[in-house]
Amino acid sequence: MKKYILAVLLITSMVSYAQTKPTVEFEAKSQTFDSIPEGTQLKIIYRFKNTGSTDFQLFKVAPTCGCTVAEFPKYPIAPGAQDSIVATFDTNLRLGQQAKGINLESNIGEINLIFMVNVTPRDGVRTEAVEPTKDMIDEHTGHNH
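This section reports on the structure supplied with the text.

Each value, and the rule that gives it
Residues numbered from 1 in each chain as written. Predicted model: local features only at pLDDT ≥ 70, side-chain atom pairs only at ≥ 80, totals over all residues. Heavy atoms only, no water. Pairing = 2+ DSSP bridges. Helix = DSSP H or I, 4+ residues; strand = E, 2+ residues; numbered from the N terminus. Axes fitted to C-alpha atoms, helices over the stretch in contact; angles between N-to-C directions.

### Topic: the sheet that holds strand 2 (residues 30–37)
One open sheet accounts for four strands, arranged 2-8-7-4; its pairing is mixed. Strand pairing shows two members of the sheet lacking a second neighbour, strand 2 and strand 4 (58–63), which therefore form its edges. Each adjacent strand pair in this sheet contributes to an overall mean axis angle of 20°, direction not counted. Relative to strand 8 (residues 109–120), strand 7 (residues 96–106) is paired through 11 bridges, and the arrangement is antiparallel. Its bridge partner lying in strand 8, I102 is registered against L113.

Put into structure tokens, the structure is as follows:
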């Protein structure tokens, strides 16, 4: 009988825990932008809503490239509340198709966001290949795209 009661209590506590876990729904985890002129500071907004029954918390937001920075709420997001993550992508010296990611660490685990953008030459700006300078090479050591 004691084992039966213990099993019921264990199952009840597991079900209660599962129901109190936060859940989040993003409007879009992936976004695509066409024909963005080089030199633009492109802002990408990832809107989300906490659809769970407990607070949602972001601990860390890490863009996959130094050309992108991200701002995120550093406070708990209450159940039913909406908020956003705003990424800014610097298109300077990034001609052509680009795919970048933003990795989130939260109290529900890892979440991955991506954006794709086609960076086009500005009017009147040369488009031929440029030999990379030492500064360009040094700026991109330690990470890959």
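### Some points on unusual backbone geometry
Of note in this structure, S35 is not a glycine but carries a positive phi near 50°. In the Ramachandran plot, L93 falls in the positive-phi region, its phi being about 60° despite a non-glycine side chain. Examined against the element boundaries, L93 turns out to sit in the loop between strand 6 (82–90) and strand 7.

### Quick notes on the sheet that holds strand 1 (residues 24–26)
The sheet built from four strands is open, its strands ordered 1-3-6-5 with antiparallel pairing. Of all the strands in the sheet, the pair left with one neighbour each is strand 1 and strand 5 (68–71). Between one strand and the next, the sheet's axes are offset by a mean angle of 25°, whatever the strand orientation. Pairing geometry for strand 1 and strand 3 (residues 41–50), over three bridges, is antiparallel.

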